[in-house]
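Here are the chains, one letter per residue:
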Amino acid sequence: MFKLTSLNLNGIRSATTKGLEKWLAAHQPDCICVQEVKAQELDVSGRFEQLAGLRGHFHFAQKKGYSGVGVYTRHEPSDVITGFRCEEFDAEGRYTELRFDTPQRKLSLISAYFPSGSSGPERQAAKYRFLAQFHPHLLALKGEREFILCGDVNIAHQQADLKNWRSNQKNSGFLPEERAWMTKLLDEAGLVDVYRRLQPDTTDTCYTWWSNRGQAYANNVGWRLDYHLATPALAALARSEHIYKDVKFSDHAPITIEYDLSL
């Protein structure tokens, strides 16, 4: 089985001080896609290029201490792509794609970090611009290769994907336009929400993010913001999933899905 994990770190330095490397050594994923690295190349060099035997490949933001994504893997990629040819958001370090191509197949693993719009109208507008640019990119990619995208999507798609859906209908992350974008991606573009393929009906156990305000974590007032989105052929190979709610490296929980796949 190929064990693929996704985790928003909320800072790689912070997450490693909380035991990330030890957990990876025990958990033994084949690959972990990370978001919000919040570091630059100089910060990573000599310390975070490898974690628990996994080699990292990164896309850093130009702004210090902001965004940034990476993919740590046991397997040597045939190519590494950083950015998705969108100047505004490539400057924010939101996309790393590792390709594992052979003469028989074209396959990619992607770590992506979607913008949050919760800080105000300006960032919500940026989030909509990102979604408008990213959809055709994924559509084109699906036309030429199989892929699994792991990441913090910053959208809860359905009512079952967050605790307080009624009171959040006007809040970023559960806006009708965001949810419609996700529906379009799944229904029209034909991508698969792999967790929901395996667990179509879960509610309280599906959350991957909890606000630091109040007692959200203690009361499990959460959101499902972290996804595996896959082309249908790869999604069909998913066999099991696990959300590690009790592991606290950041305000997000790691989510692992095992695929009947060999790189």
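1. Focus on the overall build of the protein
Working step 1: Within the protein one finds eight helices and 15 strands.
Working step 2: Projected onto its principal axes, the C-alpha coordinates of the protein cover approximately 50 × 40 × 35 Å.
Working step 3: Classification of the 263 residues of the protein by burial places 56% in the buried group.
Working step 4: Long-range pairs, those at least 24 residues apart, make up 69% of the contacts in the protein with a sequence separation of at least 6.
Working step 5: For the protein, the exposed surface amounts to about 11,500 Å²; the carbon and sulfur share of it is 47%.
Working step 6: Once the 32 positive and 32 negative side-chain charges of the protein are each reduced to a mean point, those two points are 3 Å apart.

2. Brief notes about the pattern of salt bridges
Working step 1: Here the structure, examined in full by the defined rule, presents 15 salt bridges.
Working step 2: Two residues, R13 and D43, come together in a salt bridge whose shortest N-O distance is 3.5 Å. Of this pair, R13 sits in helix α1 (residues 12-17) while D43 sits in helix α3 (residues 41-44); the two residues are 30 residues apart in sequence, bridging distant segments of the chain.
Working step 3: One salt bridge in this structure joins R145 and D101, with 2.8 Å as the shortest N-O distance. Pair noted here: R145 is in the loop between α5 (121-142) and β9 (146-152) and D101 is in the loop between β7 (95-99) and β8 (107-113), with a separation of 44 residues, a long-range link.
Working step 4: Judged by its relative accessible area of 6%, R145 is buried.
Working step 5: D101 sits in the partly exposed class, given a relative accessible area of 28%.

3. Details of the environment of A156
Working step 1: One can find A156 in the loop between β9 and α6 (176-187).
Working step 2: Judged by relative accessible area, A156 falls into the buried class, the value being 0%.
Working step 3: When sequence neighbours within four positions are dropped, the list of residues in contact with A156 reads D161, L162, G173, F174, R179, W223, R224, L225 and Y227.

4. Some thoughts on the side chain of R224
Working step 1: Within the secondary structure layout, R224 lies in the loop between β12 (222-223) and β13 (226-230).
Working step 2: Within the structure, R224 has its side chain in polar contact with the side chain of D193 (distance 2.6 Å).
Working step 3: In this structure R224 touches I155, A156, D161, D193, Y195, R196, C206, Y207 and T208, once residues within four positions along its chain are discounted.

5. Considering the packing of aromatic side chains
Working step 1: Scanning the model with the defined rule gives 15 aromatic pairs in all.
Working step 2: Ring geometry for F84 against Y95: centres 5.8 Å apart, planes inclined by 55°, an arrangement best described as tilted. Here the residue F84 occupies a position in the loop between β6 (79-82) and α4 (87-90), and Y95 occupies one in strand β7, the gap between them amounting to 11 residues.
Working step 3: Residue Y95 is classed as buried on the basis of its relative accessible area of 1%.
Working step 4: Plain terms: the ring middles of Y95 and F134 are 6.0 Å apart, the flat faces sit at 80° to each other, and that makes the pair edge-to-face. In this pair, Y95 is assigned in strand β7 and F134 in helix α5, connecting sequence segments 39 residues apart.
Working step 5: Residue class for F134 comes out buried when judged on its relative accessible area of 0%.
Working step 6: The residue whose ring lies beneath K63 is Y66, and the NZ or CZ to ring-centre distance is 4.8 Å.

6. A few points about the pairing of strand β4 (residues 54-59)
Two faces belong to every sheet, and in a regular strand the side chains alternate between them.
Working step 1: Counting buried positions along β4 yields five of six residues, so the element is predominantly enclosed.
Working step 2: As paired elements, strand β3 (residues 50-51) and β4 share two bridges and run antiparallel to each other. Its bridge partner lying in β4, L51 is registered against L54.
Working step 3: One ladder, built from five bridges, connects β4 with strand β5 (residues 69-73); its direction is antiparallel. The partner of H59 across the bridge, within β5, is V69.

Procedures and definitions
Residues numbered from 1 in each chain as written. Predicted model: local features only at pLDDT ≥ 70, side-chain atom pairs only at ≥ 80, totals over all residues. Heavy atoms only, no water. Helix = DSSP H or I, 4+ residues; strand = E, 2+ residues; numbered from the N terminus. Buried < 20%, exposed > 50% of the residue type's maximum accessible area, 1.4 Å probe, protein only. Contact = heavy atoms within 4.5 Å. Areas by Shrake-Rupley, 256 points an atom, 1.4 Å probe, with all protein chains shown as cover. Lys, Arg positive; Asp, Glu negative; His and termini not counted. Charge placed at Lys NZ, Arg CZ, Asp CG, Glu CD. Salt bridge = Lys/Arg side-chain N within 4 Å of Asp/Glu carboxyl O. Polar contact = N/O pair within 3.5 Å; in protein donor to acceptor, adjacent residues only side chain to side chain. Phe/Tyr/Trp six-rings, centres within 6.5 Å; stacked < 30°, edge-to-face > 60°. Lys NZ or Arg CZ within 6 Å of the ring centre and 35° of its normal. Pairing = 2+ DSSP bridges.

Honestly, that's just the spatial picture; any functional story needs more than this.
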